[in-house]
Amino acid sequence: MSSSLEKNMLILRSSDGEEFIVPEVVAVMSKAIKNMVEDECASNTIPVPNVDANILAMVIEFCKKHDESEAEAASDLKTFDSEFVNRGQEALYDLITAANFRDVKELLDALCQNVAEMIKGKSVHHIRIQFLGYQLFEILTSNFIWNIWCDRDFD
Amino acid sequence: MLSTRDRNLPEDVVNEILSRLPVKSLLRFKCVCRNWYTLIKNPDFISKHFNQENNNGRLLVHHYISDIQRYAIALFPDETLAGIPPLHENLDHLQIPDCMGDVVGPIDGIFLVYTWYSDGDRMALWNPAMREFRRLHVLEPIFPPNFHDKVNVVGFGLDPLTRDYKIIWIRNFAEAIGDESGSGDEIDYPYYVVAVYTLGKDSWRHFDLLTMPTRRSIHNSLCATCINGAYYWLCTVVNDAKRYGILSFDMRLEEFREIEVPEHKWGSSTEHKWGSLSLYNGSIGLFFSQTCPTLECIIDIWVMEEEGCWIKLVTVKPFLEVKRPFGFWKEKELFFETRTNELVLFNHETHEIRNLEMYGSGCFLGLWAVCYKESLVSLFGQNDEDGRRCYQFSDAVHDFFRKPEPSV
């Protein structure tokens, strides 16, 4: 199979076994993959553990857009980024993990910026429950003193 | 939810996300959990947050509102310089009283506020985003009572090695001789007297500036001209306003140096000419401005690439009514105050002019504009109890500007 592959193309295999053919320039936007390619410890097929096909497809879409649009206006790319990262929390979590683990800087930056926008106006209570997944029980017990201290209004 | 017991976002990702939040949110989120509290007070995080690319420089303007006959400070919401919120929506931590004297800064989002009353000079540091205002005790050098200070120049910057903030205060003293009414002559003390304040130690050091004769006058810059641990002032030889030089102060060594300025040819028919110092894109920018008898203004702009090495950036002839340049906005634009006290932005490439609809009152220093980035740097060090000082902000400002009781 690898013989039929065009030059400068790589195959990425997701954790659930699906394979994606992508240009090398796109794949190496992940520093982790770039290192593997440079060290020549990768065959044409590169396994991407911990990232399923659904998420991997999204990451590839993002990298392709960024590769193509280097000449494009920065504002267009910004619009694309903000639309791309506008997803539910589940997908966001998976994307962040993938971007962080595979070291895709542009994607991680866009995702972190998006999460920052999401949470900047939220209350402390909301952050604890929704963002950090605290249980009500924990807040009421172990952090009791902390909470009294925190109930002061900073605005 | 993004993070639970089983699936935690890695620490460096949380760090990255939090570094992109405004100071206001972070002050609130300090109490989400102990980890966040520790992180938000960490000096490395504070520095990362300040230098984060989305922490854009915003325009902060001190201007006069004629409807209500008072000065106010306005902070533009973003780089487009549109949509200035009306005053009542402004946060009160930006508003400090009218007669605020001098403001130097910002350095890491901190301003030095300096004023004087009949009972002496007062200084304070002010971080608007943190709602912190810290009055400093001012220690005067010891002079006999018939001496008074004449020239006041202040600088404020960061010692990059110790990460400590320092204030440099240069003054010239004179001794009054003759009768008590003060109508007699006066004799200048032969040296400039320098006072250096170190925030971390909360201490003053006084010494004479032996290298610079008082025949040279030192000028305050248009913003805090402090780069890589050195503060720069423009100076002139008294009675020869055409001869300029630069005095610099090394924050770490606490030493002065003198730097040459580029040779400059003034126009022959020039009516009024003056130099001023500002920042351009992280370097020292020098304006040589001159007005012709026709009131046309020509400004030559030089940039100091490294100490003593100047390149000429551009010569601009904006339009007729420039009163004085203020500084740069991004790379291509300059601020001016016009003769009718309006704040305008001038693009020196496209020659586009934009009136920002902010006004001065004609009073000297009534209108000023600087590029401001908010920061998490605390004026009270690591160990101070935050709660106490949050409530004290308005009290501290009020006390600082309170007029002294008339002596009986």
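Values in this document were obtained by computation on a predicted structure and should not be read as measured data.

Asks: Can you help me understand the overall build of chain A in this one?
Replies: A tally of helices and strands in chain A yields nine helices and three strands. Of the regular secondary structure in chain A, the N- to C-terminal order runs β-β-α-α-β-α-α-α-α-α-α-α. The buried share among the 155 residues of chain A stands at 42%. Once local pairs closer than 6 in sequence are excluded, the contacts in chain A between residues at least 24 apart make up 55%. Accessible surface computed for chain A: about 8700 Å², of which carbon and sulfur atoms make up 52%.

Asks: I'm lost on the pattern of salt bridges in this one. Help?
Replies: Pairs may arise between side chains of opposite charge once their charged atoms sit close together. Within this structure, the stated rule accounts for 23 salt bridges over all chains. Among the ionic pairs, B:Arg20 bridges to B:Glu16, the shortest N-O distance being 3.1 Å. We classify B:Glu16 as buried; its relative accessible area is 14%. Taken together, the shared-partner salt bridges connect A:Lys105, A:Asp109, B:Glu16, B:Arg20 and B:Lys48 into one network.

Asks: What is the right way to look at the pairing of strand S13 (residues 230-237) of chain B in this model?
Replies: For a regular strand, side chains alternate in direction, first toward one face of the sheet and then toward the other. Residues and elements named next belong to chain B. Among the eight residues in S13, eight count as buried, and that is most of the element. Note: strand S11 (residues 216-219) against S13, four bridges, orientation antiparallel. Pairing of Ser217 across the sheet is with Thr236, part of S13. Where strand S12 (residues 226-227) folds back onto S13 in an antiparallel hairpin, the turn is made up of two residues, including Asn228, whose phi is positive at roughly 45°.

Asks: Honestly, the sheet that holds strand S3 (residues 102-107) of chain B in this entry has me stumped. Any pointers?
Replies: Picture the strands of a sheet paired through backbone hydrogen bonds; they go either parallel or antiparallel. Residues and elements named next belong to chain B. Taken in spatial order, the four strands of this open sheet run S3-S4-S5-S6, and their pairing is antiparallel. Since the sheet does not close on itself, it has two edges, and those belong to S3 and strand S6 (132-136), each with one partner. Pairwise comparison of adjacent strand axes, ignoring direction, gives a mean angle of 20° for this sheet.

Asks: Hey, could you run me through the confidence of the model for chain A in this one?
Replies: For chain A, per-residue confidence averages 78 on the pLDDT scale, and 76% of positions sit at 70 or higher. Ranking the elements of chain A by mean pLDDT puts helix H9 (residues 144-150) of chain A last with 52 and strand S2 (residues 19-23) of chain A first with 90.

Asks: It is not clear to me how the packing of helix H1 (residues 11-18) of chain B against helix H4 (residues 43-51) of chain B should be interpreted in this structure. Could you clarify?
Replies: Helix packing geometry: the angle between the two helix axes and the distance between the axes. Residues and elements named next belong to chain B. Remark: H1 packs on H4, axes separated minimally by 9 Å, with the N-to-C direction vectors making an angle of 50°. If you check the angle between H1 and H4, you find them oblique. In contact with Asn15, Glu16 and Leu18 of H1, H4 contributes Phe45, Lys48 and His49. Looking at the contact of H1 with H4 residue by residue, the classes come out as two nonpolar, two polar and two charged.

Asks: Looking at this structure, I do not really get the sheet that holds S2(A). What am I missing?
Replies: Residues and elements named next belong to chain A. Strands sit in the order S2-S1-S3 across an open sheet of three strands; the sheet is mixed. On the outer flanks of this sheet lie S2 and strand S3 (45-47), each paired with one strand and no other. The mean angle between the axes of side-by-side strands here comes to 30°, regardless of whether they run parallel or antiparallel. As judged from the five bridges shared by strand S1 (residues 9-13) and S2, these two strands associate in the antiparallel manner. In the sheet register, Leu10 faces S2, and the bridge partner there is Val22. Contacts from helix H3 (residues 53-68) reach S1 and S2 within the one sheet, and its direction differs from that of S2 by about 10°.

Thresholds, definitions, all that
- Residues numbered from 1 in each chain as written.
- Chains lettered and ligands numbered in written order.
- Predicted model: local features only at pLDDT ≥ 70, side-chain atom pairs only at ≥ 80, totals over all residues.
- Heavy atoms only, no water.
- Helix = DSSP H or I, 4+ residues; strand = E, 2+ residues; numbered from the N terminus.
- Buried < 20%, exposed > 50% of the residue type's maximum accessible area, 1.4 Å probe, protein only.
- Contact = heavy atoms within 4.5 Å.
- Areas by Shrake-Rupley, 256 points an atom, 1.4 Å probe, with all protein chains shown as cover.
- Salt bridge = Lys/Arg side-chain N within 4 Å of Asp/Glu carboxyl O.
- Pairing = 2+ DSSP bridges.
- Axes fitted to C-alpha atoms, helices over the stretch in contact; angles between N-to-C directions.
- pLDDT = per-residue confidence, 0-100.
- Parallel < 35°, antiparallel > 145°, perpendicular 65-115°, else oblique.
- Nonpolar A, V, L, I, M, F, W, Y, C, P; charged D, E, K, R; others polar.

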